[in-house]
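Here's the letter readout for the chains.
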Amino acid sequence: MKLNSLKYGAVVIGTSAGGLDALSEVLPNLRKEFPIPIIVVLHISPSSDSYLTEYLNNMCELLVKEATEKEVLEPGVVYFAPPDYHLLIEEDGSLSLSNCEKINYSRPSIDVLFETASWSFGEKLIGIVMTGANWDGSAGLKTIKENGGFAICENPQTAAVPRMPESAIDLAKPDLVLELNEIGPYLNRLI
Amino acid sequence: MQKEQKINSTENIEIQLLFEGIFLKYGYDFRDYGKAHAKRRILHRLGLSDLKTISDLQSKVLHDESFFQLFLQDLSINTTEMFRDPDFFKEIREGVIPILKTYPFFKAWHAGCSTGEEVYSLAILLYEEELLSRAQLYATDFNHIALAKAKDAIYPIGNLKEYTRNYIKAGGKSSFANYYNARYDSAIIDKSLKKNIVFSDHNLVTDSVFGEMHMVMCRNTLIYFSKELQDRVIKLFYDSLIPGGFLCLGSKESLTFSVHRELFEPFNQKLKIFRKKY
């Protein structure tokens, strides 16, 4: 991992049903040269193609791409877990993939990303849970909090599907609950 | 990551000691597995047990072989299906097989075959292309429980619907139902497909070359290895292949970051099929 003096080293985002619209709202708000990497799990069908990352890449200042195994995280890049693989972060700041069993009926699973990211980044990690119909990500967000990281949830009352942020709020007691359109500007100020 | 920032570093020490212990006692070498994945599997087993720390787990693994065997299953990933990634098998049929047909006899090695679904898929392809009688297939895995299931070739009937869909997408020429016999809630793969397959115990980390292969298929195994171990295993595949032989990797695996990438040329980059250079 490159040493830097920033308070935070990475942002991880997890979302499911309604997630593509939510990400289309959040990611384009992030400023050019955002100084840390962003890693995303969006629950998608195992047979999805690369349309999703291309679509978001066209909307964003930042480079949006599917994560490749063994590649090293770069600042200002948004990495997406590939369909049907879990995405893990190693302590040396590189990415790993796994096709081991589904977690919370999901592969990729938000918990797997959040947990391994937290082991690597500890208090330098920001975790965000947004709209979705199950509870994947709640345990991971709790781990992030326990290791001193910063936790944000989308406001369930206005989320497309409230279950996922609701469950994360109950379990992880996040630092902040934000509206979707507040998340991008908040990250720009925080980092 | 700065040293002083490393959290849970006691756990990392414990994991290293656990894998050293397993290697010394049982000969299985997980020391160069990807760390995040290994740690998740260890904590998973710890969570299911009444043990408190990874050091406790280490003690139990060393003193209780049946517990070790259980833990070994945690470290072995057995996600597979017949004609997994149909596009890949379609390309084997349409791109690779015409070249294999030019050999009077050929050998293919499926390394990390798990419970066997993909090697039977390959056998079905070869049968339909009238090539099975000229082929010798080797299917290997370090997990002897998975390997026993591969030899039995009995699969839950509930999976067959998806396998049939995959078979059709992969360009199947017949009816998939011709290749299995359904009994109650199981499907048994037709034994004519097994005739040319040798199943055997082989560990990619600690065992050596399988000689003179025309094709090596190893999909979604390398992703669990460190970069250094990946390089060692890719060299092992290189040494096992004849010049012009095919190396087939998983859909998210590549040779891009390997020190040995120059030894191969892409045959189908998208579907991760490579050829050993002449």
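As a convention, each chain's residues are numbered from 1 in the sequence order in which they are written. Written order decides the labels, with chains lettered from A and ligands numbered from 1. Local features are withheld for residues below a pLDDT of 70 in this predicted model, meaning they are given only at 70 or higher, and side-chain atom pairs are given and counted only at 80 or more; totals for whole chains, interfaces and linings count all residues. Hydrogen atoms and water are omitted, and side-chain values are computed over all heavy atoms in the structure.

**A few points about the overall build of chain A**
Note the following rule: Going along the chain from the N terminus, every DSSP run of H or I of four or more residues is numbered as a helix, and every run of E of two or more is numbered as a strand. When we talk radius of gyration, it's over C-alpha atoms, and the globule rule is simply 2.2 Å times the number of residues to the 0.38. In this scheme, a residue with accessible area under 20% of its type's maximum is buried, one over 50% is exposed, and one in between is partly exposed, where area comes from a 1.4 Å probe on protein chains only. Throughout, a residue-residue contact means that at least one pair of heavy atoms, one from each residue, lies within 4.5 Å. Computed by Shrake-Rupley with a 1.4 Å probe, the accessible areas treat only the displayed protein chains as cover when residues are assessed. None of His or the chain ends enter the tally, which takes Lys and Arg as positive and Asp and Glu as negative. Where a charge sits is defined by one atom per residue type, namely NZ (Lys), CZ (Arg), CG (Asp) or CD (Glu).
What chain A contains, in helices and strands, is 6 helices and 9 strands. By the compact-globule yardstick of 16 Å for 191 residues, chain A fits well, its C-alpha radius of gyration being 15 Å. Taken along the three principal axes of its C-alpha coordinates, chain A extends 35 × 35 × 30 Å. Every one of the 191 residues in chain A was classed for burial, and the buried ones make up 61%. The contacts of chain A with a sequence gap of at least 6 include a subset with a gap of at least 24, amounting to 70%. Surface exposure of chain A reaches about 7,200 Å², of which carbon and sulfur atoms provide 50%. The averaged location of the 26 negative side-chain charges in chain A is 4 Å from the averaged location of its 14 positive side-chain charges.

**Digging into the overall build of chain B**
Assigned secondary structure in chain B consists of 9 helices and 10 strands. Against the globule reference of 19 Å for 278 residues, chain B gives a C-alpha radius of gyration of 20 Å, in line with a compact fold. In chain B, which comprises 278 residues, the proportion classed as buried is 54%. The long-range share in chain B, meaning contacts at least 24 apart out of those at least 6 apart in sequence, stands at 77%.

**Quick word on the interface of chain B and chain A**
The line we're drawing: The term buried area refers to how much accessible surface (probe radius 1.4 Å) is lost by two components on association, counted for both of them together. Put simply, a salt bridge is a Lys or Arg side-chain nitrogen that is within 4 Å of an Asp or Glu carboxyl oxygen. Under this grouping Gly is polar, as are all residues other than the nonpolar Ala, Val, Leu, Ile, Met, Phe, Trp, Tyr, Cys and Pro and the charged Asp, Glu, Lys and Arg.
Taken residue by residue, the interface counts 28 residues in chain B and 31 residues in chain A. Together, the buried faces of chain B and chain A total about 2,600 Å²; carbon and sulfur atoms form 53% of this surface. At the surface where chain B touches chain A, the tally comes to 4 salt bridges. The partner of E101 of chain A in a salt bridge is R41 of chain B, and the shortest N-O contact between them spans 3.2 Å. In terms of residue class, the side of chain B that touches chain A is built from 9 nonpolar, 11 polar and 8 charged.

**Focus on the side chain of R41 of chain B**
This is how the line gets drawn: Distance and chemistry together define a polar contact, namely a pair of N or O atoms within 3.5 Å, with one atom able to donate a hydrogen and the other to accept it when in protein, and with adjacent residues in sequence counting only for side-chain atoms on both sides.
Following the sequence through the fold, R41 of chain B ends up in helix α2 (residues 35–48). For R41 of chain B, a relative accessible area of 7% puts it in the buried group. There is a polar contact of 3.2 Å between the side chain of R41 of chain B and the side chain of E101 of chain A. Excluding residues that lie within four positions of it along the chain, R41 of chain B makes contacts with C100 and E101 of chain A together with F71, D74, L75 and I77 of chain B.

**Observations concerning the sheet that holds strand β5 (residues 186–189) of chain B**
Residues and elements named next belong to chain B. Condition: At least two bridges found by DSSP between two strands are what make those strands a pair. Only the stretch in contact is used when a helix axis is fitted, and all axes are lines through C-alpha atoms; the angle between N-to-C directions ranges over 0 to 180 degrees.
A sheet is described by the order of its strands in space; here 3 strands give the open sequence β3-β5-β4, paired in antiparallel fashion. The open sheet terminates on both sides in strands that have one partner only, identified here as β3 (154–156) and β4 (180–183). In this sheet, adjacent strand axes meet at a mean angle of 30° when their direction is disregarded. In the sheet, β4 pairs with β5 via 4 bridges, with the strands oriented antiparallel. Across the sheet, residue N181 finds its bridge partner in β5, namely I188.

**Focus on the pairing of strand β4 (residues 77–80) of chain A**
Residue and element names in this part refer to chain A. Judged by which residues are buried, β4 turns out to be covered on both faces: V77 and Y79 on one side and V78 and F80 on the other are all buried. Sheet topology places strand β2 (residues 38–42) next to β4; 3 bridges connect them, and they run parallel. Paired with I38 across the two strands is V78, which belongs to β4. The sheet contact formed by strand β3 (residues 63–66) and β4 spans 4 bridges and is parallel. Looking at the pairing, V64 lines up with V78 of β4.

**What about the state of the cysteines?**
This is how it is decided: Disulfides are defined as pairs of cysteine sulfur atoms found within 2.5 Å of each other.
Summed over the entire model, instances satisfying the criterion amount to 0 disulfides over all chains. Considering cysteine sulfurs only, C218 of chain B is the nearest to C248 of chain B, which forms no disulfide, with 10 Å between them.

**Some words on helix α8 (residues 160–169) of chain B**
All names here are of chain B. In plain terms, the rule: When we speak of the arc, we mean the arc of directions from the helix axis to the C-beta atoms.
Inspection of α8 places L160, Y163, N166 and Y167 among the buried residues, and these make up the whole buried set. For α8, the arc enclosing every buried residue in end-on projection is 115°, short of the 170-degree limit, so these residues lie on one face. Turned more than 90 degrees away from the buried face of α8 sit K161, I168 and K169, all of them exposed. Where the residues of α8 are buried, they touch α5 (86–100), α6 (117–128), β3, β4 and β5. G171 lies just past α8 and shows a positive phi near 85°.

**Examining the side chain of S226 of chain B**
Tracing the chain through its elements places S226 of chain B in the loop between β7 (213–218) and α9 (227–240). Here S226 of chain B falls in the buried class, since its relative accessible area comes to 15%. Not counting chain neighbours up to four residues away, the residues in contact with S226 of chain B comprise K70 of chain A together with D32, Y33 and G34 of chain B.

**Notes on the domain arrangement of chain B**
Residue and element names in this part refer to chain B. Threshold: Just so you know, the domain bounds were taken from an automatic or database domain assignment.
You can read the domains of chain B as domain 1 (3–75) and domain 2 (86–276). Just the C-alpha atoms count here: the centres of domain 1 and domain 2 sit 30 Å apart. Counting from both sides, the interface comprises 13 residues of domain 1 and, opposite them, 12 residues of domain 2. Here domain 1 packs against domain 2, burying approximately 1,100 Å² in sum over the two surfaces, 55% of which is carbon and sulfur. The three residues of domain 1 that bury the most area against domain 2 are D32, Y33 and Q73, which together make up 47% of that side's buried surface. The tally of links between domain 1 and domain 2 comes to 1 salt bridge. The salt bridge partner of D32 is R232, with a shortest N-O separation of 3.4 Å. The tally of links from domain 1 across to domain 2 stands at 5 residue pairs in polar contact (both at pLDDT 80 or more). No other element matches the 4 residues that helix α4 (residues 65–75) contributes to the side of domain 1 that touches domain 2. Tallied by class, the residues present in the side of domain 1 that touches domain 2 amount to 6 nonpolar, 5 polar and 2 charged.

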